[in-house]
Amino acid sequence: MERCVPWDLIAKILCRLSVKSLVRFKCVSKRWCSEISNPNFIRFHLKRSAQANTHNSLVIVDGRKLSLVDLSNPLHIPKEVNDSLNPLSNKLIKFLGICDGLLCMSTYNYSTIVMWNMSTGEHLTLLSQPDPDYYRSPLVGPNPLFGFGYDPINDDYKICTSSCSGVYANGDMH
């Protein structure tokens, strides 16, 4: 007689593990891969890890170099991660925002925007080589401002952009 551990018990155990371990455990079986990749499980894991305050990394953006420091390691040795971010390799990096372990950054001229999951190392190129006139238009201006965050109504992450080409004071543009 074969005994099985109920999936809800397995899920409760898995949600206490690190993302690094979960990525490894996706190889156990198709069922585990499917369940660990399930958006409901991901949301539950994220909520639980946020409550447990298990986020203990520091991101350092220094010109062309992006490093991650594990603050739980007493040596605090920065680990360079540029190799896993091919769209940004050897380019000046601009930090746009961070939300739920997702780091949003771009090349200095905004020609490429990348969202990077610091836990899994996966990245997604959101914008690559836009129309060169886009940032010169009067609606966007020369110095765009970016915001990055989670939209709970649509259950998605959003990037917003706006620009200010000057400040009105006393009826004049400065």
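About the cut-offs
Residues numbered from 1 in each chain as written. Predicted model: local features only at pLDDT ≥ 70, side-chain atom pairs only at ≥ 80, totals over all residues. Heavy atoms only, no water. Pairing = 2+ DSSP bridges. Helix = DSSP H or I, 4+ residues; strand = E, 2+ residues; numbered from the N terminus. Buried < 20%, exposed > 50% of the residue type's maximum accessible area, 1.4 Å probe, protein only. Arc of directions from axis to C-beta. Salt bridge = Lys/Arg side-chain N within 4 Å of Asp/Glu carboxyl O. Phe/Tyr/Trp six-rings, centres within 6.5 Å; stacked < 30°, edge-to-face > 60°.

Under an unreviewed UniProt entry, the protein has the name F-box domain-containing protein and belongs to Hibiscus sabdariffa.

Ordered by their spatial adjacency, 3 strands build an open sheet running S1-S2-S3, and the pairing between neighbours is antiparallel. Both outer strands of the open sheet, strand S1 (57–62) and strand S3 (79–80), are each paired with one neighbouring strand and no more. Direction of pairing for strand S2 (residues 65–70) relative to S3: antiparallel, over a ladder of 2 bridges. Residue Leu68 lies in a different strand from S3, and its bridge partner there is Lys79.

Before going further, it helps to spend a moment on unusual backbone geometry. Of note, Asp100 is a non-glycine position whose phi angle comes to about 55°, a positive value. For Asp100, a relative accessible area of 38% translates into the label partly exposed.

A word on helix H1 (residues 7–14). For H1, the complete set of buried residues consists of Trp7, Ile10, Ala11 and Leu14. Axial view of H1: buried residues confined to an arc of 100°, hence all on one face.

Turning to the pairing of strand S4 (residues 93–99), a few remarks are in order. Two strands pair when backbone bridges link them, and S4 and strand S5 (residues 102–107) are joined in this way by 6 bridges, in the antiparallel orientation. From the neighbouring strand, Gly97 faces S5, where its bridge partner is Cys104. Here S4 folds back onto S5, and the loop between the two strands holds 2 residues, one of which, Asp100, carries a positive phi near 55°.

Between side chains of opposite charge, a pair can form when the charged atoms approach closely. Tallying each qualifying case throughout the model produces 3 salt bridges. Of the charged contacts, one joins Glu35 and Arg31 as a salt bridge, the two residues approaching to 3.2 Å between their closest N and O atoms. Remark: Arg31 and Glu35 occur in helix H3 (residues 30–37); sequence separation between them is 4 residues, near one turn of the helix. Here Arg43 and Asp155 are joined by a salt bridge, their closest N and O atoms 2.7 Å apart. Taken as a pair, Arg43 in helix H4 (residues 39–52) and Asp155 in the loop between strand S8 (144–151) and strand S9 (156–163) lie far apart in primary sequence, 112 residues in all. The exposure class of Asp155 is partly exposed, given its relative accessible area of 37%.

This part takes up the packing of aromatic side chains. In total, this model carries 4 aromatic pairs according to the counting rule given. For the ring pair Phe25 and Trp32, a centre distance of 6.2 Å and an interplane angle of 85° mean the geometry is edge-to-face. Since its relative accessible area comes to 21%, Trp32 is described here as partly exposed. Taking the centre distance of 6.2 Å and the plane angle of 25° together, the rings of Phe148 and Tyr157 count as stacked. Here Tyr157 falls in the partly exposed class, since its relative accessible area comes to 23%. Cluster of aromatic residues (ring-pair linked, three or more members): Trp7, Phe25 and Trp32.

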